[in-house]
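These are the residues of each chain, in order.
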Amino acid sequence: MRSRVLWMFAVTSAALLGADPATSSIAKIFDQEISVIEREIVPLAEEMPAAKYGFVPGTGAFRNARTFHQQVTHTAALLYMYGASILGEANPSEPGPNDNGPASLATKEDAVKYLKDAFGYVRKAVSSVTSENLTGMVKSAYGDFQVPRASMVSAAIGHTWDHYGQMAVYARLNSVIPPASRR
């Protein structure tokens, strides 16, 4: 049943992305998913002015939320964590306090580079996913327990979209229209 659900996910993803599921490998399908979110979030991180990287809404449900800078670096830190989990290797990056990335990431340029590098790493990870190892158990990015490799791929995609949405709100609150909304 699990493999049937995963195959349906792959076929649906391939259809949505215009790929032929008969000729698309699982890795290629997941890489296409990563590419879609990368094309949305990296330009947004680049578009936000450096002077606004410290922005965080100060009222209501945004109390104690991450700054825009932390949204960028947190997203990247988790991409590294997911990638390491998928590959079954040690995380090559320091997750930092509250999984917001290394404290040394002080500038917008540092944060954007870290995000781009994280996408490179998670791409390497998803390229290792096959139909044979998709349901294999790996150490979770969230703790010391085992989960199917596919769940870490899914988390990488879903988590990144979640933070893209938050970053888009922050941008709009600063009169910055996300590049994806201008197409």
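All figures in this text were calculated on a predicted structure; none of them were measured in a lab.

Quick notes on the rules
- Residues numbered from 1 in each chain as written.
- Predicted model: local features only at pLDDT ≥ 70, side-chain atom pairs only at ≥ 80, totals over all residues.
- Heavy atoms only, no water.
- Salt bridge = Lys/Arg side-chain N within 4 Å of Asp/Glu carboxyl O.
- Helix = DSSP H or I, 4+ residues; strand = E, 2+ residues; numbered from the N terminus.
- Buried < 20%, exposed > 50% of the residue type's maximum accessible area, 1.4 Å probe, protein only.
- Axes fitted to C-alpha atoms, helices over the stretch in contact; angles between N-to-C directions.
- Parallel < 35°, antiparallel > 145°, perpendicular 65-115°, else oblique.
- Left-handed = near helix turned anticlockwise from the far one by under 90°.
- Contact = heavy atoms within 4.5 Å.
- Expected span 1.5 Å × (residues − 1).
- Patch = residues over 30% accessible without salt bridge, like charges linked within 9 Å, V, L, I, M, F, W, Y side chains within 5 Å.
- Areas by Shrake-Rupley, 256 points an atom, 1.4 Å probe, with all protein chains shown as cover.
- 1 Å grid on protein atoms, 1.4 Å probe; cavity = no way out; pocket = protein on both sides within 12 Å on 5 of 7 lines; lining within 4 Å.
- Points joined across faces, edges and corners; volume = space filled by probe spheres on them.
- Nonpolar A, V, L, I, M, F, W, Y, C, P; charged D, E, K, R; others polar.

Caption draft 1: Layout of the pattern of salt bridges. Within this structure, the stated rule accounts for six salt bridges. Taking the shortest distance from any N to any O, the salt bridge between E47 and R182 comes out at 3.1 Å. Within this pair, whereas E47 is found in helix α2 (residues 26-47), its partner R182 is found in the segment after α5 (149-173), the two being separated by 135 residues in sequence. By relative accessible area, which is 36% here, E47 ends up partly exposed. Taking relative accessible area as the criterion, R182 reaches 47% and is therefore assigned partly exposed. When salt bridges with common partners are traced through the structure, they connect D31, E38 and R123 into a single cluster.

Caption draft 2: Highlighting the packing of α2 against α5. Two numbers describe how α2 lies on α5: the axes approach to 10 Å, and their chain directions differ by 20°. In terms of their interaxial angle, α2 and α5 are classed as roughly parallel. Of the two elements, α2 crosses α5, and the hand of that crossing is left-handed. Each of F30, E33, I34, V36, I37, E40, I41, L44 and A45 in α2 lies in contact with α5, whose residues at this interface are V153, I157, T160, W161, Y164, M167, A168 and A171.

Caption draft 3: Here's a closer look at α5. Here α5 spans 37 Å end to end across 25 residues, near enough to the 36 Å set by a 1.5 Å rise per residue. In the stretch just after α5, S175 is the one whose phi turns positive, near 60°.

Caption draft 4: Main features of a nonpolar patch on the surface. Where nonpolar side chains cluster on the molecular surface, the patch consists of F62, V169 and L173 and spans about 240 Å² of accessible area. In this fold, L173 is placed in helix α5.

Caption draft 5: Seen up close, the side chain of T67. Counting through the fold element by element, T67 comes out in the loop between α2 and α3 (68-87). When sequence neighbours within four positions are dropped, the list of residues in contact with T67 reads Y53, G54, F55, V56 and Y170.

Caption draft 6: How the structure looks around the layout of surface pockets. Its volume calculated, the largest pocket comes out at about 180 Å³. If you go around the largest pocket, the residues you meet are M81, A84, S85, G88, E89, N91, P95, K139, S140 and A141. Among the elements that line the lining of the largest pocket, the one with the most residues is α3, at three residues. Class assignment of the residues belonging to the lining of the largest pocket gives a composition of four nonpolar, four polar and two charged.

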